[in-house]
Amino acid sequence: MNHSIAILSRQVALPHQDPADRFIVATAIYYGLKLATVDANLTGNSAVQTLS
């Protein structure tokens, strides 16, 4: 976690306000990673690339 990820976590468009999900998604975006998840709140979200 760094300052840029913390700021990005508040800017990412997610259907809920869960801070853990926001930090995970922001970290994946920041580092250009694909997120491996089956969480329906994250899969199919245009904010982050996911592997399900």
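Predicted, not measured: the structure shown is a model, and the values here were computed from it.

### Notes on the packing of aromatic side chains
Reasoning step 1: Going through the model one piece at a time under the given rule, you end up with one aromatic pair.
Reasoning step 2: When the ring of Tyr 30 is compared with that of Tyr 31, the centres are 4.9 Å apart and the planes differ by 85°; the resulting orientation is edge-to-face.
Reasoning step 3: Note on Tyr 30: relative accessible area 40%, which makes it partly exposed.

### With respect to the nonpolar core
Reasoning step 1: In this structure, Val 12, Leu 14, Val 25, Ala 28, Leu 35, Leu 42 and Val 48 together form the largest nonpolar core, which totals seven residues.
Reasoning step 2: The contacts of Ala 28, once residues within four sequence positions are left out, are Leu 33, Leu 35 and Val 48.

### Observations concerning the side chain of Thr 37
Reasoning step 1: Its place among the elements puts Thr 37 in the loop between strand S1 (35-36) and strand S2 (50-51).
Reasoning step 2: A relative accessible area of 16% places Thr 37 in the buried class.
Reasoning step 3: A polar contact is formed between the side chain of Thr 37 and the backbone nitrogen of Asp 39, at a distance of 2.9 Å.

### Some details on the confidence of the model for the chain
Reasoning step 1: Averaged over the chain, the pLDDT score is 93; the fraction of residues at 70 or greater is 98%.
Reasoning step 2: The secondary structure element of the chain with the lowest average pLDDT is S2, at 91, and the one with the highest is helix H1 (residues 3-11), at 97.

### A short note on the packing of H1 against helix H2 (residues 19-31)
Reasoning step 1: Packing of H1 against H2 leaves a shortest axis separation of 8 Å and a crossing angle of 115°. Taken as a pair, H1 and H2 cross one another with a handedness that is right-handed. When H1 is examined against H2, the residues Ser 4, Ile 5, Ala 6, Leu 8, Ser 9 and Arg 10 are found in contact with a partner set consisting of Arg 22, Phe 23, Ala 26, Thr 27, Ile 29, Tyr 30 and Tyr 31.
Reasoning step 2: Taken together, the residues of the contact of H1 with H2 break down into eight nonpolar, three polar and two charged.

Rules used in this analysis
- Residues numbered from 1 in each chain as written.
- Predicted model: local features only at pLDDT ≥ 70, side-chain atom pairs only at ≥ 80, totals over all residues.
- Heavy atoms only, no water.
- Phe/Tyr/Trp six-rings, centres within 6.5 Å; stacked < 30°, edge-to-face > 60°.
- Buried < 20%, exposed > 50% of the residue type's maximum accessible area, 1.4 Å probe, protein only.
- Core = buried A, V, L, I, M, F, W, Y, C linked by side-chain atoms within 4.5 Å.
- Contact = heavy atoms within 4.5 Å.
- Helix = DSSP H or I, 4+ residues; strand = E, 2+ residues; numbered from the N terminus.
- Polar contact = N/O pair within 3.5 Å; in protein donor to acceptor, adjacent residues only side chain to side chain.
- pLDDT = per-residue confidence, 0-100.
- Axes fitted to C-alpha atoms, helices over the stretch in contact; angles between N-to-C directions.
- Left-handed = near helix turned anticlockwise from the far one by under 90°.
- Nonpolar A, V, L, I, M, F, W, Y, C, P; charged D, E, K, R; others polar.

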